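Residues per chain, in single letters:
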Amino acid sequence: MGFEAKRCGVQFSPPSIVLIYVNSDTKKIRKRIIPVRNFSKYSDCSMAAERLKNHPRHRGYLDQVPQSQLEKLHIILRDHMQGLSLEDSLTSFQLYPDEDLNKLDDEELARKKGQMDTLFERNRKWKDDPDFVYDLEVEFDKSKQEKCSWDEESDGDF
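The numbering scheme is per chain: residues are counted from 1 as the chain's sequence reads. Two thresholds apply to this predicted model, a pLDDT of at least 70 for residue-level local features and 80 or more for giving and counting side-chain atom pairs, whereas whole-chain, interface and lining totals are computed over all residues. Excluded from the side-chain calculations are hydrogens and water; all other atoms, namely the structure's heavy atoms, are used.

Side note on the packing of aromatic side chains
Put simply, the rule is: Put simply, two rings from Phe, Tyr or Trp (the six-membered ring, in Trp's case) pair if the centres are within 6.5 Å, and we call them stacked under 30 degrees between planes, edge-to-face over 60, tilted for the rest. Only DSSP runs of H or I covering at least 4 residues are called helices, and only runs of E covering at least 2 are called strands; the numbering of each starts at the N terminus. Burial classification: accessible surface area is computed with a 1.4 Å probe over protein chains only, and a residue below 20% of its type maximum counts as buried, one above 50% as exposed, and the rest as partly exposed.
Under the counting rule described, the total for this entry stands at 3 aromatic pairs. Seen from their ring centres, Y21 and Y61 are 5.1 Å apart, and the 65 degrees between their planes marks the pair as edge-to-face. With Y21 in strand β2 (residues 16-23) and Y61 in helix α2 (residues 59-62), this pair connects stretches of sequence that are 40 residues apart. This pair shows no difference in class: Y21 is buried, exactly as Y61 is. Three or more aromatic residues link up through ring pairs in this structure, and these residues are F3, Y21 and Y61.

What follows is the structure, encoded as C-alpha cells:
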C-alpha cells in the first residue's frame, strides 16, 4: 500500500501535523492528523522532525515529505507555543536583502543560511543546462554606486 503526500500543514490545538495524501491503491484523497507528542516551546525542532519522520506508525506516510518541511512545521508549532502569531512565524522564513544577519541568534542564522543555500542551488546554472553561458559578463548601472568619502580623498598615485 503506497501513499502520495499532497499537502502538509499544522494544527495548533492540539499540536499536530496535518497530512493530505492520496492512497495509490484506491486513488482516494485522505487526511491524516499526526499528533506531536512531548514537544514544548524549548524543544529542538530538527530532532522532533526526525523522530516523527522515523516513527514506525507514520514512516510510510511521511516518506515523501522532506525533512526540512517537517522542521519548518515544528518551528511554526514552537513559535505558536512561545506566543508568536502565525504571520510573525512565517516572516521568519523569508529572506530580506537588507536584514542584518549579525544580529540573529545561532539557530535563526543557521536557518537563514540554509534558505540561502537552497535558493543558490535552485538558481545555479550547470554546464549541461540549455541556457548556460560560459564566461558571462554583466554590466551594472554605475548610477547606483554610493560615493564614499575615502574615494574622494584618495590620491591618483595608484
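A word on unusual backbone geometry
Of note, the amide linkage connecting S13 to P14 takes the cis form, showing an omega dihedral of -10 degrees. With respect to the element layout, P14 can be found in the loop between β1 (3-11) and β2. Even without being a glycine, K27 presents a positive backbone phi close to 60 degrees. Looking at K27, the relative accessible area reads 63%, which means it is exposed. Phi angles above zero are rare outside glycine, and N38 is one such case at about 55 degrees. You can see N38 is positioned in the loop between β3 (29-35) and α1 (45-53). Overall, N38 belongs to the exposed group, its relative accessible area being 77%.

Brief notes about the pattern of salt bridges
For clarity, the cut-off: In the sections that follow, a salt bridge refers to a side-chain nitrogen of Lys or Arg positioned within 4 Å of a carboxyl oxygen of Asp or Glu.
Within the structure shown, the criterion is met by 6 salt bridges. The shortest N-O distance in the salt bridge between E4 and K6 comes to 3.2 Å. One salt bridge connects E107 with R78, and the closest N-O pair in it is separated by 2.8 Å. Here the residue E107 occupies a position in helix α5 (residues 106-123), and R78 occupies one in helix α3 (residues 67-81), the gap between them amounting to 29 residues. The exposure class assigned to E107 is partly exposed, which follows from its relative accessible area of 41%. R78 gets classed as buried once you look at its relative accessible area, which sits at 8%.

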